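Below, each chain spelled out in residue letters.
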Amino acid sequence: MTAPRRVTHWVDGKSWGGIAQRSGEVFDPALGTVAAHVDFAAAADVDEAVAAACRAFATWRASSLAARSSVLFAFRSLLHSRREEVASILTAEHGKVLSDAAGEVQRGLEVVDFACGVPHLLKGAFSENASTGVDVYSIRQPLGVVGVITPFNFPAMVPLWFVPLAIACGNTVVLKPSEKDPSASVFLAELFAEAGLPDGVFNVVHGDKIAVDRVLSHPDVRAVSFVGSTPVARYIYETGTGHGKRVQALGGAKNHMVVLPDADLDLAADAAVSAGFGSAGERCMAISVVVAVDPVGDDLVARMASRIGEINVGDGRRPGSEMGPLVTRAHRDRVASYLDGGVAAGASLVVDGRGHPVHGAADGFWLGPSLFDHVEPAQALYTDEIFGPVLSVVRAPSYAAAVELVNSNPYGNGVAIFTNDGGAARRFQHEVEVGMVGVNVPIPVPVSYYSFGGWKQSLFGDSHAYGPDAIHFYTRSKAVTSRWLDPSHGGLNLGFPQNT
């Protein structure tokens, strides 16, 4: 048997073992075996990474927009050519099937595409002769060292939401990825180095709360981007802002899909099952609640149940697998506990995923797709972010009751409505209190040139991820008022002007 690998930090352009001696286990979820040991950073390790980022900042912030975009274009080319390697890493450590992992890389690449346009994105404004002989203009400048803390469910995509745009704006970065699947972030760091990114501009430290707390308290870290559960997002926001940092903390979700009586029920059933069980439900944008508006509930549940039985659960590296295992045994057991709990609370267990056939090793962290009907808003099935392959159906007597249900939920990440009524869809997008809305689209993740983020307890801070919000978050605006009393003259130069 091959000995487990060691996953180390990436600091100042090289792999670094660090000072600390603590480590964690990284599992192959489909096999249930330890695949690697990952170094855990002490506060001193984080200090080393931040120091490297500080040293690199002075030079990187002074680099031209042309130079920065050149590095980003080179990184994009490398990532595109090696996307299958990244997908394999994701499948091996997270468990998602290869097709889903490839989709994750592609969505991350789209944000890199957006970041490559930094010369356009950082253009300021100019007002000539605002007063006699006085011009006023604005410029955007980088913040300094930025901390990025990312979750286990998208080990490549979520770092790519933040890192390319932060460095495009002239900042340097310290990334703390999830310790459950850390290898993708190191691979990205290696690609950035190969693309010509100077040493120290992008650093990776692994670990747990010790590393996170040092990032939040370090005086040289100017801003923090985070994605994770709502309790941790609140902690990140309160702690980071308490130390004077700019913070965007994206939290949890309970995403609803409202199905109106006029909807195409086959389309709705396909969408609900796909969005509920893709990546084993370990998505912050997964549909976890289907709101069936009377009288479609019975018909819709029957169609969903028939589709769930056809889902091919197995090792993500196996051809034909559509849903893989959960990321750890502890998480699998936690999600499975909701099945007995839901029945005890009075919900109807239509499909029990514990009996679903699995094509994989017996010790893998398996749980098949499960479906509950007649779930009530007071039950834990509804109130908790389960983050696994458990889909709940809530019955609503009317459109108005469905909207009230969605708006009463403390989360406000994503929501979808399925209908053929354009008026109802337009009214819904106006009335619903959620940050991202899909109309006949179950997972309304915005394209890279719009921003991603929810409302209410799904977001702490006022900046969403990527898109235009990222440019504002990773820069500070400066207004300049100037008057030049005498014209200046330069010498002759007949050569063609070049950007350098």
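Residues numbered from 1 in each chain as written. Predicted model: local features only at pLDDT ≥ 70, side-chain atom pairs only at ≥ 80, totals over all residues. Heavy atoms only, no water.

**Section: the packing of aromatic side chains**
Moving on, step 1. On inspection of all chains with the given rule, the structure shows 12 aromatic pairs.
Moving on, step 2. Seen in terms of ring centroids, F27 and F365 are 5.8 Å apart; in terms of plane orientation they differ by 75°. Their pairing is edge-to-face. Remark: F365 occurs in the loop between strand 17 (358–359) and strand 18 (370–373) and F27 occurs in strand 4 (residues 23–28); sequence separation between them is 338 residues.
Moving on, step 3. Assessed through its relative accessible area of 23%, F27 is described here as partly exposed. (Phe/Tyr/Trp six-rings, centres within 6.5 Å; stacked < 30°, edge-to-face > 60°. Helix = DSSP H or I, 4+ residues; strand = E, 2+ residues; numbered from the N terminus. Buried < 20%, exposed > 50% of the residue type's maximum accessible area, 1.4 Å probe, protein only.)

**A short note on unusual backbone geometry**
Moving on, step 1. In the segment running from D294 into P295, the intervening peptide bond is cis, with an omega of 10°.
Moving on, step 2. If you trace the backbone, P295 turns up in the loop between strand 14 (287–293) and helix 11 (297–308).
Moving on, step 3. Here K456, not a glycine, exhibits a phi torsion of approximately 55°, which is positive.
Moving on, step 4. Note on placement: K456 falls in strand 23 (residues 455–456).
Moving on, step 5. The phi dihedral of Y466 falls on the positive side, at around 45°, and the residue is not glycine.
Moving on, step 6. Its location among the elements puts Y466 in the loop between strand 24 (459–460) and helix 16 (467–473).

**Some remarks on the sheet that holds strand 5 (residues 33–39)**
The strands that make up a sheet pair up through hydrogen bonds in the backbone, lying either parallel or antiparallel.
Moving on, step 1. In space, the three strands of this open sheet follow the order 1-5-4, with mixed pairing throughout. Either end of the sheet is taken by a strand with one partner, and the two such strands are strand 1 (5–7) and strand 4. Strand-to-strand, the axes of this sheet are offset by a mean angle of 35°, without reference to chain direction. (Pairing = 2+ DSSP bridges. Axes fitted to C-alpha atoms, helices over the stretch in contact; angles between N-to-C directions.)

**So, a positive patch on the surface**
Moving on, step 1. On the surface, a cluster of positive charge is made up of R61, R222, R246, R476 and K478.
Moving on, step 2. By the secondary structure assignment, K478 is in strand 25 (residues 475–483). (Patch = residues over 30% accessible without salt bridge, like charges linked within 9 Å, V, L, I, M, F, W, Y side chains within 5 Å. Areas by Shrake-Rupley, 256 points an atom, 1.4 Å probe, with all protein chains shown as cover. Salt bridge = Lys/Arg side-chain N within 4 Å of Asp/Glu carboxyl O. Lys, Arg positive; Asp, Glu negative; His and termini not counted. Charge placed at Lys NZ, Arg CZ, Asp CG, Glu CD.)

**Regarding the nonpolar core**
Moving on, step 1. Counting residues in hydrophobic clusters, the biggest one holds 71 residues, and the most contacted among them are F75, L79, W161, L165, F202, F452 and Y474.
Moving on, step 2. Top element by residues in this core is helix 6 (residues 157–168). It accounts for 10 residues.
Moving on, step 3. Every residue in contact with L79, bar those within four places of it in the chain, is listed here: V86, V105, L109, L160, L188 and L191.
Moving on, step 4. If you look at the next biggest cluster of nonpolar residues, it comprises 62 residues, including I287, L367, Y382 and F418. (Core = buried A, V, L, I, M, F, W, Y, C linked by side-chain atoms within 4.5 Å. Contact = heavy atoms within 4.5 Å.)

**Quick word on the pattern of salt bridges**
Moving on, step 1. One pass over the structure, following the stated rule, counts 25 salt bridges.
Moving on, step 2. Across the salt bridge formed by R317 and D28, the nearest N and O atoms sit 2.9 Å from each other. With R317 in the loop between strand 15 (313–314) and helix 12 (329–345) and D28 in strand 4, the pair connects residues that are 289 residues apart, well separated along the chain.
Moving on, step 3. Using a relative accessible area of 36% as the deciding quantity, one classes R317 as partly exposed.

**A look at the sheet that holds strand 25**
Moving on, step 1. Taken in spatial order, the three strands of this open sheet run 6-7-25, and their pairing is antiparallel. For this open sheet the edge positions go to strand 6 (126–131) and strand 25, each flanked by a neighbour on one side alone. Across the sheet, the axes of successive neighbouring strands diverge by a mean angle of 30°, strand direction being ignored.
Moving on, step 2. Pairing analysis gives three bridges linking strand 6 to strand 7 (residues 134–142), with the strands arranged antiparallel. Looking across to strand 7, one finds that S127 is bridged to V136.

**Here we look at helix 3 (residues 83–93)**
Moving on, step 1. Within helix 3, the full set of buried residues consists of V86, A87, I89, L90, T91 and E93.
Moving on, step 2. Considering only its buried residues, helix 3 is in contact with strand 1, strand 4, helix 2 (65–81), helix 4 (98–115) and helix 7 (183–194).
Moving on, step 3. G95 sits one or two positions beyond helix 3 and adopts a positive phi of about 110°.

**Some words on the environment of G360**
Moving on, step 1. By the secondary structure assignment, G360 is in the loop between strand 17 and strand 18.
Moving on, step 2. When the C-alpha positions of G360 and A66 are compared, they lie 49 Å apart, and in sequence the two are 294 residues distant.

**Regarding the environment of E194**
Moving on, step 1. Along the chain, E194 falls in helix 7.
Moving on, step 2. Along the chain, E194 and F75 lie 119 residues apart, while their C-alpha atoms are 7.7 Å from each other.
Moving on, step 3. Contact partners of E194, with chain neighbours within four places excluded, come to L78 and R82.

**Observations concerning a nonpolar patch on the surface**
Moving on, step 1. Taken together, V447, Y449 and Y450 make up a surface patch of nonpolar side chains, about 340 Å² in accessible area.
Moving on, step 2. Position of Y450 among the secondary structure elements: in the loop between strand 22 (436–439) and strand 23.
Moving on, step 3. With relative accessibility at 54%, the residue Y450 sits in the exposed group.

**With respect to the environment of G342**
Moving on, step 1. Counting through the fold element by element, G342 comes out in helix 12.
Moving on, step 2. Linking G342 and G17, residues 325 residues apart in sequence, is a C-alpha distance of 45 Å.
Moving on, step 3. If sequence neighbours within four positions are ignored, G342 has contacts with A347, F372 and L381.

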